[in-house]
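# Chains, contacts and geometry: an overview
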Amino acid sequence: MLEAVPEALAGWESYYVIVGSSAAALTGLQFVVIAVVADVSQRASDDQIGAFATPSIVHFCVALLTSAALSAPWRRLESAAIVLGIVGLAGLLYAAIVIRRARRQAGYAPVFEDWLWHAALPIVAYGLMFTGALALVSHEHEALFLVGASTLLLVFIGIHNAWDTVTWIALSRVGDRERQQAAPESAETPAAKGSPELVEADRK
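Once a new chain begins, its residue numbering starts again from 1 and follows that chain's sequence as written. Local features in a predicted model are, by the rule used here, given only for residues with pLDDT of at least 70; side-chain atom pairs are given and counted only at 80 or more, and totals for whole chains, interfaces and linings are based on all residues. The side-chain figures draw on all heavy atoms in the structure; neither hydrogens nor water molecules are used.

### Examining the packing of aromatic side chains
- Only Phe, Tyr and Trp rings are paired, with Trp represented by its six-membered ring, and only when their centres lie within 6.5 Å; those with planes under 30 degrees apart are stacked, over 60 edge-to-face, the remainder tilted. Under the defined criterion, the tally for this structure stands at five aromatic pairs.
- Pairing F52 with Y108 gives two aromatic rings, centres 5.7 Å apart and planes at 90°, and the pair type is edge-to-face. Taken as a pair, F52 in helix α3 (residues 46-52) and Y108 in the loop between α5 (77-104) and α6 (112-135) lie far apart in primary sequence, 56 residues in all. Numbering of helices and strands runs from the N terminus; a helix is a DSSP stretch of H or I covering at least four residues, while a strand is a stretch of E covering at least two.

If you want it as structure tokens, here you go:
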């Protein structure tokens with residue numbers, strides 16, 4: 001006879017409906033952001049995109065995947081723990097890849113805030129998820145809070161990093177407009193228009 005759905009998972013159903021639906025909606029918005037990036041004259045390299053843009057999509061998708069996994073009708077907590085463990089470990093490996101890309105790219109010098117949100121906090125989030133997976137069977141109450149905090153943190157990380165991308169686009173476009181406005185003025189230099197002495201000579 002099959003066991004009933006664990007009561008501990010049933011209590012988190014509403015939480016993961018909210019987090020999962022939010023992650024799905026934000027994933028769609030991130031596609032719009034990337035499409036707008038293509039219109040900016042300051043093109044980003046593959047390493048820059050891989051380090052500062054793609055991870056936001058990954059974090060949102062992991063939050064959505066975790067929400068779906070913990071909303072599934074598992075009969076045993078061990079099954080959910082295996083899925084969460086794989087996701088958490090894969091996330092830690094991906095965070096290491098992102099750090100390598102950020103160090104390798106040469107188009108932008110990351111500051112402390114970049115390392116915090118793009119490197120340190122994702123490691124914390126995936127580490128919490130992996131730890132929660134390991135403790136899910138023996139300490140299900142505490143472990144589910146770790147996983148819940150990890151999932152919500154991934155959504156917040158994605159929101160912050162997507163906002164950084166949007167502000168970068170806005171500032172880049174302002175810089176483009178200023179350069180375009182300055183270009184006609186620089187073209188009308190004294191050398192281009194003629195010096196006062198040459199103009200006076202032409203009149204004579």
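### Focus on the pattern of salt bridges
- The working definition used for a salt bridge is a side-chain nitrogen of Lys or Arg within 4 Å of a carboxyl oxygen of Asp or Glu. In total, this model carries one salt bridge according to the counting rule given.
- E78 is the partner of R76 in a salt bridge, and the nearest nitrogen-oxygen pair spans 3.7 Å.
- For E78, a relative accessible area of 32% translates into the label partly exposed. In this scheme, a residue with accessible area under 20% of its type's maximum is buried, one over 50% is exposed, and one in between is partly exposed, where area comes from a 1.4 Å probe on protein chains only.

### Points about a nonpolar patch on the surface
- A cluster of nonpolar side chains, L152, F156 and I159, forms an exposed patch at the surface whose accessible area comes to about 250 Å².
- As for its placement among the helices and strands, F156 is situated in helix α7 (residues 140-187).
- On the basis of relative accessibility, which here comes to 46%, the residue F156 falls in the partly exposed class. In this analysis, a patch consists of residues with relative accessible area above 30% that form no salt bridge, clustered at 9 Å for like charges and at 5 Å for the nonpolar side chains Val, Leu, Ile, Met, Phe, Trp and Tyr. Under the convention used here, a 1.4 Å probe and the Shrake-Rupley method define accessible areas, while residue burial counts only the protein chains that appear.

### Some words on the nonpolar core
- Nonpolar cores are built from buried Ala, Val, Leu, Ile, Met, Phe, Trp, Tyr and Cys residues. Side-chain atoms within 4.5 Å join them into one set. Judged by nonpolar contacts, the single largest core of 14 residues is most densely connected at L9, L70, L84, L136 and L144.
- Elements supplying a minimum of two residues to this core: α1 (7-10), α5 and α7.
- Take this core: its biggest share by element is four residues, from α5.
- When checking whether two residues touch, look at their non-hydrogen atoms; a contact exists if any pair is within 4.5 Å. Here L144 is in contact with A8, L9, W12, Y16 and L136, once residues within four sequence places are set aside.
- Counting nine residues, the second largest nonpolar core, distinct from the first, contains L121, A125, L153 and I157.

### Considering the packing of helix α4 (residues 54-71) against α5
- As a packed pair, α4 and α5 sit with axes 11 Å apart at the nearest point and diverge in direction by 175°. As far as their axial angle goes, α5 and α4 are roughly antiparallel. Facing T54, P55, V58, V62, L65, T66, A69 and L70 of α4, the residues of α5 in contact are A80, V83, L84, V87, Y94 and V98.
- As a working rule, the residues Ala, Val, Leu, Ile, Met, Phe, Trp, Tyr, Cys and Pro are called nonpolar, Asp, Glu, Lys and Arg charged, and the rest polar, with Gly in that last group. Residues that form the contact of α4 with α5 fall into these classes: twelve nonpolar, two polar and no charged. Between N-to-C directions, angles span 0 to 180 degrees; the directions come from axes that are lines fitted to C-alpha atoms, helices contributing only their stretch in contact. Orientation is classified from the angle alone, with under 35 degrees giving roughly parallel, over 145 giving roughly antiparallel, 65 to 115 giving roughly perpendicular, and any other angle giving oblique.

### Focus on the side chain of N161
- Note on placement: N161 falls in helix α7.
- By relative accessible area, which is 1% here, N161 ends up buried.
- The contact partners of N161, leaving out residues within four places of it in the chain, are S56, W117 and H118.

### Remarks on the environment of G132
- Tracing the chain through its elements places G132 in helix α6.
- Residue G132 is classed as buried on the basis of its relative accessible area of 0%.
- For the pair G132 and G85, spaced 47 residues apart in the sequence, the C-alpha separation amounts to 8.0 Å.
- Discounting chain neighbours no more than four positions away, the residues touching G132 are A143, L146 and V147.

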